[in-house]
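The lines below spell out each chain.
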Amino acid sequence: MFKNIILNPRMVRLEVSTLCQLDCPSCSVKKLKKKGYLTADKFKKFVDENSVIKKIELSNQGEVFLNPDLYEIIRYAYEKGISVSVNNGANLNNVEDRVFEALVKYKVRSIICAIDGAAAETYKKYRAGGDFDAVIDNIKRINFYKSKYHSKYPLLHWQYIVFGHNELEIPQAKKMARELRMSFKPIIPWDSTISPVNNKEFVKRETGLEFKGINDDIENQETSYHLFILCTQLWNYPQIQWNGDMLGCCCNDRGNFGNVFEQSFLDVLNNESMNYARGMLRGVVAGREDIPCSTCVFYQIMKENRKWISSSQIRLAKYRQKFIEIFFKLAPEAVIYKIMAFLYSKRV
């Protein structure tokens, strides 16, 4: 039997909203049975009871900016010395005016903006119900406050899912990203049956991405990213849903390991089912049907290839996050974007 390790991480992922105003074709939010948003009171209680936590990721499946308590959540985190980010992505279509200033004033570390096109007609083909011009105006509004406060925060990143209908706009999107003081992050779609890429050589030249076929994203990154980063979240950066459900990782939509609003965070994080799940991912115990990981595509890939999460990967993922936080804090904004552009082009 594997040895249980009592965890007490300094970083968590606490989703503030599973609401979304768009209707993107392959979005996982549609499948969620429980939709809502985290209240400021519950956020404050969680923070006060877990003073060791110093970094919180606020986004996951829904749209962060639809949470009416977001201003108060950001403000309270700042007062408690906690850095927050929106790195699982936001569509940035609808933002309360006071939140623009709060993002800068309370030093939200970074925001990944999902913008899959360089023109309105192209953008809305996937981001159904979205307004491209409103998104660009909202980014400019954030930059206005960054200039006003002489701040590099939040760092802004343009996430561009590459499809057949938007591949020719990649050069223009990259140019717009530079003009808007953003890094450019092209990614492969989860479902490559939606508007498949036509000119793979052009896309590779412009982005560094290689398109192979069905499930491109899983095929390209199953060992270098998903198994390394996502699965190690159960140790280093656990995902909690807006209602307190412990999901473990940001890809889990199949069940939970307990509720941190009904029990203590550490009790849930270190309970029998969480420890067993970590044992499954290490390959030291057999799969168990009541564990959400058992039906995950990434666990199935690991099981098939007998390629399990290693201790070194867990440690590396932990220190990777610490390094990123220190790097973002110390490096100038322009330097950060240049290095991130290099990493994205090399698919690191």
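How each quantity is defined
Residues numbered from 1 in each chain as written. Predicted model: local features only at pLDDT ≥ 70, side-chain atom pairs only at ≥ 80, totals over all residues. Heavy atoms only, no water. Helix = DSSP H or I, 4+ residues; strand = E, 2+ residues; numbered from the N terminus. Rg over C-alpha atoms; globule rule 2.2 N^0.38 Å. Buried < 20%, exposed > 50% of the residue type's maximum accessible area, 1.4 Å probe, protein only. Areas by Shrake-Rupley, 256 points an atom, 1.4 Å probe, with all protein chains shown as cover. Lys, Arg positive; Asp, Glu negative; His and termini not counted. Charge placed at Lys NZ, Arg CZ, Asp CG, Glu CD. Patch = residues over 30% accessible without salt bridge, like charges linked within 9 Å, V, L, I, M, F, W, Y side chains within 5 Å. Salt bridge = Lys/Arg side-chain N within 4 Å of Asp/Glu carboxyl O. Axes fitted to C-alpha atoms, helices over the stretch in contact; angles between N-to-C directions. Parallel < 35°, antiparallel > 145°, perpendicular 65-115°, else oblique. Left-handed = near helix turned anticlockwise from the far one by under 90°. Contact = heavy atoms within 4.5 Å. Disulfide = S-S within 2.5 Å.

Enquirer: Report on the overall build of the chain, specifying residues and quantitative values.
Expert: Helix and strand counts for the chain stand at 14 helices and eight strands. Over its C-alpha trace the chain gives a radius of gyration of 20 Å, about what one expects of a compact globule, namely 20 Å for 348 residues. Along the three orthogonal principal directions, the C-alpha set of the chain runs to about 55 × 45 × 40 Å. Across the 348 residues that make up the chain, the buried fraction comes to 55%. Within the structure as shown, the chain displays about 15,800 Å² of accessible surface, and the carbon and sulfur contribution to it stands at 52%. A gap of 7 Å separates the mean positions of the 51 positive and 39 negative side-chain charges of the chain.

Enquirer: How would you explain a nonpolar patch on the surface if you had to name every residue and give the values?
Expert: A contiguous nonpolar surface patch, about 310 Å² in accessible area, is contributed by Val335, Ile339, Phe342 and Leu343. Mapped onto the elements, Phe342 comes out in helix H14 (residues 333-346).

Enquirer: Break down the packing of helix H1 (residues 40-49) against helix H2 (residues 70-79) for me, citing the residues and quoting the values.
Expert: Contact geometry for H1 and H2: axes closest at 9 Å, N-to-C directions at 20 degrees. The orientation of H1 with respect to H2, classified from their angle, is roughly parallel. The handedness of the crossing between H1 and H2 comes out as right-handed. On the side of H1, the interface is formed by Ala40, Phe43, Lys44, Val47 and Asp48, while H2 contributes Glu72, Ile73, Arg75, Tyr76 and Ala77.

Enquirer: Give me the state of the cysteines: which residues, what numbers.
Expert: In the structure shown here, the tally under the stated rule is zero disulfides. No disulfide involves Cys249; its nearest neighbouring cysteine sulfur is the one of Cys251, lying 5.0 Å away. Here Cys293 stays unpaired: no disulfide links it, and the sulfur of Cys249, its closest cysteine neighbor, is 6.4 Å away.

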